[in-house]
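# Coordinate analysis (summary)
Listed here are the chains, written in short residue letters.
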Amino acid sequence: MFEELKTLQAKTGERQILSLFDDNNRARDFSVTALDMLFDYSKTNIDAETRDALLALVDRADVASRCEAMFSGQKINETEGRAVLHTALRNLDASVIVDGNDVMPGVRETLDRMATFADAVRKEEIKAPGGRAFTDVVNIGIGGSDLGPAMGVLALAPYADGPRCHFVSNVDGAHIHDTLKDLNAATTLVIVASKTFTTIETMTNAATARDWIASHCGSDVAGDHFAALSSNLDKTAEFGIDPARVFGFEDWVGGRYSIWGPIGLSLMLAIGPDDFREFLAGGAAMDAHFREAAGIENMPLMLALVGIWHNQLCGHATRAVLPYDQRLSRLPAYFQQLEMESNGKSVAMDGSQLDCNSGPIVWGEPGTNGQHAFYQLIHQGTRVVPCEFMVAAQGHERDLAHQHDLLLANCLAQSEALMRGRSLEEAKEKVAGKFAGAELERQASHRVFAGNRPSTTLIYPKLTPKMLGQIIALYEHRVFVEGVILGINSYDQWGVELGKELATALGPIVTGDESADSKDGSTKQLVAYIHAHKG
Ligand code: F6P
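Residues numbered from 1 in each chain as written. Predicted model: local features only at pLDDT ≥ 70, side-chain atom pairs only at ≥ 80, totals over all residues. Heavy atoms only, no water.

### Quick look at the site of the ligand
Neighbouring the ligand are 14 residues; S145, S194, T196, T199 and E341 lie closest to it. T196 places a polar side-chain atom, nitrogen or oxygen, 2.6 Å from an oxygen atom of the ligand. At a separation of 2.5 Å, an oxygen atom of the ligand approaches a polar side-chain atom of T199. Expressed as a share of its isolated accessible area of 390 Å², the protein-covered part of the ligand is 88%. (Near = heavy atom within 4 Å. Polar contact = N/O pair within 3.5 Å; in protein donor to acceptor, adjacent residues only side chain to side chain. Areas by Shrake-Rupley, 256 points an atom, 1.4 Å probe, with all protein chains shown as cover.)

If you want it as structure tokens, here you go:
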């Protein structure tokens with residue numbers, strides 16, 4: 001699939017990215033500006049010829065018609081026979097037909113119900129059964145039912161003026177224990193967020209939360225402390241949640257794409273319906289850009305092609321997402337699910353084995369913290385990690401603008417350092433006053449930076465609700481384009497199933513109710529250790 005590009009990649013050889021800036025227009029020509037954002041990919045080894053060849057991949061894979069198929073509600077999730085319509089949750093004026101029905105009236109009605117509920121909780125019109133306002137919200141969910149709202153609530157903290165939001169995801173009892181221990185059950189609203197309402201972690205934590213509420217407030221009123229976000233209305237009723245407090249969504253919203261709908265309720269409670277609509281508007285603006293902008297002016301497309309270049313052609317297995325924004329500290333985890341659950345597949349849509357690698361390993365942490373942890377390897381390790389920096393030109397703390405300047409300087413310094421590196425000669429100059437002779441050589445060699453390491457920078461004015469919506473939708477479409485080019489289904493996640501099945505089977509073995517005899521030697525040994533030390 002990548003023959004021509006492989007030849008071009010080989011041709012780049014030892015070419016220094018820095019040398020590409022001999023062209024004074026390099027930065028401008030290898031950037032995309034849209035929706036007040038600037039995506040600069042000029043610090044990569046992509047040149048005009050490579051870019052053309054990458055764009056040819058887009059045509060060959062017919063990304064454009066696949067894109068329209070997605071937006072128009074065709075069942076592009078072919079292994080599950082489902083449409084992929086998270087975009088419908090934010091393009092509220094559209095009309096989208098699935099199985100002969102326009103899904104949009106339902107989307108708008110659910111959004112209005114969420115807004116009415118969120119407003120009433122925020123204005124203290126809906127109160128806890130004991131008559132006190134809800135001061136705290138605990139969202140219980142995992143994966144897409146946790147990462148999106150948890151990331152969003154933190155990202156948009158400057159806009160939060162509603163109840164405090166907490167997130168419990170792990171089946172590890174420590175998580176719910178440590179969350180509930182500081183809360184007052186009498187003023188806590190629990191949101192059980194699960195598309196399927198069968199996920200073992202979520203249902204176990206939900207039962208623990210119900211017992212906690214019941215033990216403090218009485219089991220007769222426990223249900224009034226709950227709301228649910230789910231497409232499984234039978235199960236929410238079985239759990240005892242009032243249908244008026246259940247916000248449903250359809251099977252065409254994938255878990256990792258679900259922040260735009262009911263799964264975003266905790267975010268809406270935190271920032272209010274108006275700002276939540278701004279967030280949706282940001283996603284919709286990026287959708288319009290993605291559908292309309294041509295080739296090199298299309299930001300998600302170019303972000304995807306840079307990803308394909310680094311992962312498939314240069315062979316860099318991982319990519320680091322490095323937001324210079326403390327409030328985006330959950331964004332790398334959010335992107336991990338978005339990218340790795342979507343494109344971590346080795347089988348093409350038609351069931352054949354992929355003839356290329358699956359999507360990359362995504363990881364990261366906010367700068368500047370990462371600089372004092374793992375950047376050592378990024379700068380001097382033997383393997384290249386393409387870095388994706390992102391930063392706002394302006395922080396929210398106007399009185400701390402000097403700190404934001406430092407943040408910006410650090411962000412820019414890292415991409416420059418990665419590209420420039422430091423030669424042995426330069427390193428020697430640095431230490432010449434301290435060492436001499438062989439020791440000078442030795443000391444200098446440790447201070448050499450290979451340089452020529454690629455990075456991109458996404459910069460935007462300020463992290464507003466609308467901008468966050470744009471950023472999330474940008475990455476969603478990037479994942480979509482990469483998936484289409486690789487020929488995989490980005491919208492199923494069969495790879496999580498086997499572990500779930502085995503965990504169910506191991507439950508009674510861990511408790512000692514069943515024997516471990518059928519298991520392999522390692523598993524048996526671990527079970528024996530558990531039984532010896534469980535206490
Ligand atoms: O196990 C993976 C997964 O299905 C994710 O795709 C999803 O986001 C998560 O579990 C949670 O699922 P649910 O919302 O149904 O509880």
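### Considering the sheet that holds strand β8 (residues 226–229)
The sheet built from 5 strands is open, its strands ordered β6-β5-β7-β8-β9 with parallel pairing. Where the open sheet ends on each side, the last strands, each with one partner, are β6 (164–168) and β9 (246–247). Alignment of β8 against β9, held across 2 bridges, turns out to be parallel. Opposite A228, over in β9, you have V246 as the bridge partner. (Pairing = 2+ DSSP bridges. Helix = DSSP H or I, 4+ residues; strand = E, 2+ residues; numbered from the N terminus.)

### Notes on the pattern of salt bridges
Applying the stated rule across the entire model yields 29 salt bridges. Between R82 and E80 there is a salt bridge, and its shortest N-O distance comes to 3.8 Å. Taking relative accessible area as the criterion, E80 reaches 24% and is therefore assigned partly exposed. Ionic pairing is found between R319 and E339, a salt bridge with its closest N-O pair at 2.2 Å. Of this pair, R319 sits in strand β10 (residues 318–323) while E339 sits in helix α13 (residues 331–343), placing them 20 residues apart in sequence. Like E339, R319 is buried. Put simply, R319, E339, E388, R478 and E482 are held in one network by salt bridges that share partners. (Salt bridge = Lys/Arg side-chain N within 4 Å of Asp/Glu carboxyl O. Buried < 20%, exposed > 50% of the residue type's maximum accessible area, 1.4 Å probe, protein only.)

### Remarks on the pairing of strand β12 (residues 387–392)
For β12, the buried fraction is high: 6 of the 6 residues fall into the buried class. Burial along β12 is two-sided: C387, F389 and V391 facing one way and E388, M390 and A392 facing the other are all buried. By the bridge criterion, 4 bridges tie β10 to β12 in an arrangement that is parallel. Considered in β12, the bridge of A320 is made with C387. In terms of strand pairing, β12 meets strand β13 (residues 455–460) through 6 bridges, oriented parallel. Bridge pairing in β13 places E388 opposite T456.

### Considering the side chain of K43
Among the structural elements, K43 can be located in the loop between β2 (37–40) and α3 (48–60). Although buried, K43 forms no salt bridge, and the nearest oppositely charged side chain, D40, lies 5.1 Å from it. The contact partners of K43, leaving out residues within four places of it in the chain, are I17, F21, S415, E416, M419, R453, P454 and S455. (Lys, Arg positive; Asp, Glu negative; His and termini not counted. Contact = heavy atoms within 4.5 Å.)

### Some words on the packing of aromatic side chains
Under the counting rule described, the total for this entry stands at 14 aromatic pairs. Here Y324 and F389 contribute two aromatic rings whose centre-to-centre distance is 6.0 Å and whose plane-to-plane angle is 55°, an arrangement assigned as tilted. Highlighted residues: Y324 in the loop between β10 and α13 and F389 in strand β12, separated in sequence by 65 residues. Comparing Y324 with F389 shows no difference in burial state: the two are buried. Feature note: the residues F30, F39 and Y41 constitute an aromatic cluster, connected by ring pairs. Positioned above the aromatic ring of F30 is the side chain of R51, whose terminal nitrogen or guanidinium carbon lies 4.1 Å from the ring centre. Positioned above the aromatic ring of W260, the side-chain terminus of R90 is 4.3 Å from the ring centre. (Phe/Tyr/Trp six-rings, centres within 6.5 Å; stacked < 30°, edge-to-face > 60°. Lys NZ or Arg CZ within 6 Å of the ring centre and 35° of its normal.)

### Observations concerning the packing of helix α16 (residues 424–431) against helix α17 (residues 437–446)
Relative orientation of the contacting elements α16 and α17 amounts to 115°, with a least axis distance of 8 Å. The way α16 lies across α17 gives a crossing that is right-handed. In this structure, α16 uses L424, A427, K428 and V431 to contact α17, whose residues at the interface are L440, E441, A444 and S445. Class assignment for the residues of the contact of α16 with α17 results in 5 nonpolar, 1 polar and 2 charged. (Axes fitted to C-alpha atoms, helices over the stretch in contact; angles between N-to-C directions. Left-handed = near helix turned anticlockwise from the far one by under 90°. Nonpolar A, V, L, I, M, F, W, Y, C, P; charged D, E, K, R; others polar.)

### Focus: helix α19 (residues 497–511)
Look at α19: 22 Å from first C-alpha to last across 15 residues, which is about the 21 Å you get at 1.5 Å a residue. Where α19 bends most, the angle comes to about 30°, and this point is A505, followed within four residues by the proline P508. (Expected span 1.5 Å × (residues − 1). Bend = angle between axes of the 7 residues up to and from the residue.)

### Section: the side chain of N205
Tracing the sequence through the fold places N205 in helix α8 (residues 200–217). Exposure remark for N205: the relative accessible area of 2% places this residue in the buried category. Apart from residues lying up to four places away in sequence, N205 is in contact with I140, V168, S169, N170, V171 and I176.

### Observations concerning the sheet that holds β13
The strand order across the open sheet formed by 6 strands is β1-β2-β13-β12-β10-β11, and the pairing between neighbours is mixed. Looking at the sheet topology across the chains shown, the edges are occupied by β1 (31–34) and β11 (361–363). Across the sheet, the mean angle from the axis of one strand to that of its neighbour is 15°, orientation sign disregarded. Direction of pairing for β2 relative to β13: antiparallel, over a ladder of 3 bridges. Counterpart to L38 in the pairing with β13 is I459.

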